[in-house]
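Observations on chain architecture
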Amino acid sequence: MAAYHKPVMVREVMEILNVSREGTYVDATVGGGGHADVVLGALGPSGRLIAMDRDSEAISAVKERLRDRRVCYVRENFSRMESAVKECGCGSVDGILMDLGLSMIQLRDMERGFSFESDHLLDMRMDRSEGLSAWDVVNTFKEVELEKILRQYGEEPRCRAIARAIGRSRQKKTIDNCRELAGLVARIYGKYGRTHPATRTFQALRVYVNGEIDSLSAALGASLGLLRTGGRLCVISYHSLEDRVAKHFFKDGAREGTLSILTKKPMIPSPQEQRDNPSSRSAKLRGGFKL
């Protein structure tokens, strides 16, 4: 797992969190545990880390990786962070990290149905025990609904053409796997460069299926109630929808006097990190502390 999981902007995250050796911290989207491992390295013997993820497979894998008694693991959507913290016997916390979006571990597991190259069933659920799958959306939603999802959650300029193409295609047979859907979108675009033309379509479906924007808004709201005065909040986003939500949350907090912003502009990975870890290229980090 660790061989292909590279946590993004580790130095910058640790600078924002300013980890206290005896503090309590929440990694609200622990994923492969890369950031969690570094936070644990900065904590003392009585420090605590609450490691959350809605993906049961991520929680199982990170338990094996970290094997640390200072960690409390909770399989839960970070929108329910308050109950997760309480479950671990904690009240307020000193810092919260939210590393949003899809992990490379999920993307490279072809059976999860996130990758353009997967021949497995379209799924895209981060928690496979609940909700609609991407297959359900692609094969049962009306064209007008698909168009709206692609526009709203993927900011896809060819949303209408893609929705119509999906409608025509499924009249003959269902669109069952990721490679089929990616190929359909690619044919609409024709020639393309480094970025696959289905990127926005896959993003839109994943965000919709997992309710990611609503979950983020709920998690950000919960963070203010959990942080101690002076406690740090760190949010890493990977597309404009997420970043917009985080940006407005920090701005509103500053205006209302509940937060002080530490990043006037979002921090981005260094050129060297972007070369070493291309998946970090779109990352933006925002941080602040509770007043």
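The structure reproduced in this document is the subject of the present report. Here the structure is a predicted model, which means the values were calculated and not measured.

Our next topic: helix H8 (residues 159–172). The end-to-end C-alpha distance of H8, which contains 14 residues, comes to 21 Å, matching closely the 20 Å that a straight helix rising 1.5 Å per residue would cover. Cys159, Ile162, Ala163, Ala165, Ile166 and Gly167 are the residues of H8 that are buried.

A word on the pattern of salt bridges. Per the counting criterion, the structure on display carries 23 salt bridges. Across the salt bridge formed by Asp68 and Arg70, the nearest N and O atoms sit 2.8 Å from each other. With a relative accessible area of 18%, Arg70 lands in the buried category. Several salt bridges converge on common partners, so that one network encompasses Asp55, Glu57, Arg112 and Arg128.

In this structure, Val26, Met81, Ile96, Met98 and Leu233 are the most contacted members of the largest nonpolar core, which totals 61 residues. Each residue touching Met81, except ones within four places of it in the same chain, is listed here: Val26, Ala28, Met52, Ile96, Met98, Ala219, Ala222 and Leu226. Within the second largest apolar cluster, 25 residues are counted, among which are Met14, Ile16, Leu66 and Val71.

So, on to the state of the cysteines. According to the stated counting rule, one finds one disulfide in the structure shown. A sulfur-sulfur separation of 2.0 Å characterises the disulfide bridge that pairs Cys72 with Cys88. The sign of the S-S torsion, about -80 degrees, decides the handedness of the disulfide formed by Cys72 and Cys88: left-handed. Within this pair, whereas Cys72 is found in strand S3 (residues 71–75), its partner Cys88 is found in the loop between helix H4 (81–87) and strand S4 (93–99), the two being separated by 16 residues in sequence. The burial state of Cys72 is the same as that of Cys88; both residues are buried. Free of any disulfide, Cys234 has its nearest cysteine sulfur in Cys90, 19 Å distant. For Cys234, a relative accessible area of 0% corresponds to the buried category.

Here the focus is the packing of helix H7 (residues 143–154) against helix H10 (residues 199–210). Between H7 and H10, the least distance of the axes is 8 Å, while the angle of their chain directions is 95 degrees. The angle between H7 and H10 falls in the class roughly perpendicular. Taken together, the residues of H10 that come into contact with H7 (itself represented by Ile149, Leu150, Tyr153 and Gly154) are Arg200, Thr201, Gln203, Ala204, Val207 and Tyr208. A per-class count over the contact of H7 with H10 returns six nonpolar, three polar and one charged.

Reading guide: rules and limits
- Residues numbered from 1 in each chain as written.
- Predicted model: local features only at pLDDT ≥ 70, side-chain atom pairs only at ≥ 80, totals over all residues.
- Heavy atoms only, no water.
- Helix = DSSP H or I, 4+ residues; strand = E, 2+ residues; numbered from the N terminus.
- Expected span 1.5 Å × (residues − 1).
- Buried < 20%, exposed > 50% of the residue type's maximum accessible area, 1.4 Å probe, protein only.
- Salt bridge = Lys/Arg side-chain N within 4 Å of Asp/Glu carboxyl O.
- Core = buried A, V, L, I, M, F, W, Y, C linked by side-chain atoms within 4.5 Å.
- Contact = heavy atoms within 4.5 Å.
- Disulfide = S-S within 2.5 Å.
- Axes fitted to C-alpha atoms, helices over the stretch in contact; angles between N-to-C directions.
- Parallel < 35°, antiparallel > 145°, perpendicular 65-115°, else oblique.
- Nonpolar A, V, L, I, M, F, W, Y, C, P; charged D, E, K, R; others polar.

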